[in-house]
Protein chains: 2
Amino acid sequence: MNLSMYQASAPRFASTLKNLAAILDKAKAHAEAKKIDELVLTSSRLYPDMFALARQVQVACDTAKGAMARLAGVEIPKHEDTEKTFDELKARIAKTVAFIEGFKPAQVDGTEDKALTIKLGPREVNWKGMQYLLGFALPNFYFHAATAYDILRHNGVELAKRDFIGNP
Amino acid sequence: MNLSMYQASAPRFASTLKNLAAILDKAKAHAEAKKIDELVLTSSRLYPDMFALARQVQVACDTAKGAMARLAGVEIPKHEDTEKTFDELKARIAKTVAFIEGFKPAQVDGTEDKALTIKLGPREVNWKGMQYLLGFALPNFYFHAATAYDILRHNGVELAKRDFIGNP
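Just so it is clear, the structure is predicted and the values come from calculations on it, not from any experiment. (Residues numbered from 1 in each chain as written. Chains lettered and ligands numbered in written order. Predicted model: local features only at pLDDT ≥ 70, side-chain atom pairs only at ≥ 80, totals over all residues. Heavy atoms only, no water.)

A. Broad picture of the packing of aromatic side chains. Applying the stated criterion across every chain yields a total of 19 aromatic pairs over all chains. The interplanar angle of 55° and the centroid separation of 4.9 Å between the aromatic rings of F164(A) and F143(B) together place this pair among those described as tilted. Within this pair, whereas F164(A) is found in helix α7 (residues 161-165), its partner F143(B) is found in helix α6 (residues 129-154), the two belonging to separate chains. A single burial state applies to F164(A) and to F143(B), both of which are buried. Ring geometry for W127(B) versus Y132(B): centroids 6.4 Å apart, planes at 25°, classification stacked. An identical accessibility class is assigned to W127(B) and Y132(B); each is buried. Grouped by ring-pair contacts, the aromatic residues F13(A), F141(A), Y142(A), F13(B), F141(B) and Y142(B) constitute a single cluster. The side chain of R55(B) reaches across the aromatic face of F51(B), ending 5.3 Å from its centre. (Phe/Tyr/Trp six-rings, centres within 6.5 Å; stacked < 30°, edge-to-face > 60°. Helix = DSSP H or I, 4+ residues; strand = E, 2+ residues; numbered from the N terminus. Buried < 20%, exposed > 50% of the residue type's maximum accessible area, 1.4 Å probe, protein only. Lys NZ or Arg CZ within 6 Å of the ring centre and 35° of its normal.)

B. Main features of the pairing of strand β2 (residues 123-128) of chain A. All names here are of chain A. Inspection of the sheet shows strand β1 (residues 115-120) paired to β2 by six bridges, in the antiparallel sense. Residue pairing for β2: L116 is matched across the bridge by W127. Counting the residues in the hairpin turn of β1 and β2 gives two residues, including G121, whose phi is positive at 55°. (Pairing = 2+ DSSP bridges.)

C. Looking closely at the relation of the copies chain A and chain B. Each copy of the sequence occupies a distinct position, and chain A is placed on chain B by a rotation of 180° and an axial shift of 0.0 Å, giving an RMSD of 0.0 Å. Between the two chains, the operation in question is that of a two-fold axis. A share of 100% of interface residues in chain A that are also interface residues in chain B marks the association as one of identical surfaces. (Least-squares fit on C-alpha atoms with pLDDT ≥ 70 in both. Contact = heavy atoms within 4.5 Å.)

D. Representation of the interface of chain A and chain B in the model. With 36 residues of chain A at the contact, the number on the chain B side is 36 residues. Taking both sides of the interface into account, the surface hidden between chain A and chain B amounts to around 3,700 Å²; carbon and sulfur atoms contribute 64%. Of all residues in chain A, the largest losses of buried area upon contact with chain B belong to L3(A), F143(A) and R153(A), amounting jointly to 18% of the total for that side. Seen at the junction of chain A and chain B, the total is two salt bridges. For the salt bridge of R153(B) with D49(A), the shortest nitrogen-to-oxygen distance reads 2.9 Å. At the junction of chain A and chain B, the tally comes to 14 residue pairs in polar contact (both at pLDDT 80 or more). Examining the composition of the side of chain A that touches chain B, we find that 16 residues originate from one element, helix α6 (residues 129-154) of chain A, more than from any other. (Buried area = accessible area lost by both parts, 1.4 Å probe. Salt bridge = Lys/Arg side-chain N within 4 Å of Asp/Glu carboxyl O. Polar contact = N/O pair within 3.5 Å; in protein donor to acceptor, adjacent residues only side chain to side chain.)

E. Examining the confidence of the model for chain A more closely. For chain A, per-residue confidence averages 97 on the pLDDT scale, and residues scoring 70 or more make up 100% of the total. For this predicted complex, the interface score ipTM comes out at 0.98, while the overall pTM is 0.98. (pLDDT = per-residue confidence, 0-100.)

F. Region of the structure containing the pattern of salt bridges. The tally for this structure, following the rule as stated, stands at 20 salt bridges over all chains. K90(A) is paired through a salt bridge with D25(A); the nearest N and O atoms lie 2.6 Å apart. Here K90(A), found in helix α4 (residues 86-101), pairs with D25(A), found in helix α1 (residues 10-33); they are 65 residues apart in sequence, far enough to count as distant. In this structure D25(A) comes out as partly exposed when scored by relative accessible area, which is 36%. A salt bridge links K65(B) to D62(B); the nearest nitrogen and oxygen atoms lie 3.0 Å apart.

G. Region of the structure containing the packing of α1(A) against α4(A). Residue and element names in this part refer to chain A. It is at 10 Å that the axes of α1 and α4 come closest, and there the two elements cross at 165°. Taken together, the axis directions place α1 and α4 in an arrangement best described as roughly antiparallel. Seen along the crossing, α1 lies across α4 with a hand that is left-handed. In this structure, α1 uses A10, F13, A14, L17, K18, L20, A21, L24, D25, A27 and K28 to contact α4, whose residues at the interface are F86, D87, L89, K90, I93, T96, V97, I100 and E101. Classifying every residue of the contact of α1 with α4 gives 13 nonpolar, one polar and six charged. (Axes fitted to C-alpha atoms, helices over the stretch in contact; angles between N-to-C directions. Parallel < 35°, antiparallel > 145°, perpendicular 65-115°, else oblique. Left-handed = near helix turned anticlockwise from the far one by under 90°. Nonpolar A, V, L, I, M, F, W, Y, C, P; charged D, E, K, R; others polar.)

Written out as structure tokens, the structure is:
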């Protein structure tokens, strides 16, 4: 099998998002066992000006869905950022995974040199497809997924790195 | 340009490691400005049974160097885990980057189906090259690099995500 833009994106985003959903299951079980209001965990953050857990999950989802849509040239579905509970965050992940798994390899393969204009806050950047996927989307996606994990670990949820890596 | 095993590995590991070195520079400057012993930061962790900052940096380096060596079929250089200061951690990163930048694309390209046996603690796993790179090495690498960033942010070092992403 050859490495391709599809192989480097869809299965990888979907796999890590499913691992993240399983991590949220463990966090929910932890909150229930310890009688912690789950909103304490979903609103927890590592520093006052960092994103809280819920936002880390939302941004991980948006990075994955945006990458697939931009590479394939389809509209990015709009998901409102209203999730507060673990079940709501898992539903956000599930609809993102369903979107990702709807792509066929032919929609994404061959987009290495596709010209993309990405809005990053106030800036607009011009990247090619491969540069965007490998240099921005994947690191940004893993950054937010890992930080979600880190927030939960910092709050005492028992997780191990295999929860994050899953089954490669 | 086509996506390849080389493009998905060497330039990505090297780029993020250089970003991590620049992040350590900012952390060192922060410690000096606030008169904090730098070892307080390099030994900081997000939870008692998580790795400290220095170990996060070492494991990020080892993941990158191990991936390049295994895919290319060369011996993995041994780097002792002795670093304590920011300058020592930056030297560890620099020798890892030099090792990574020594590879030619032809040494790594075409290794998608290469059979690899990886020791993960007590377990041995059998993965193919692409599965190993995309499903283990890259997520694991970004996990440790992001957690290093998270530890420093949690300790008040002023960083932004662009320090992590750098110039894709």
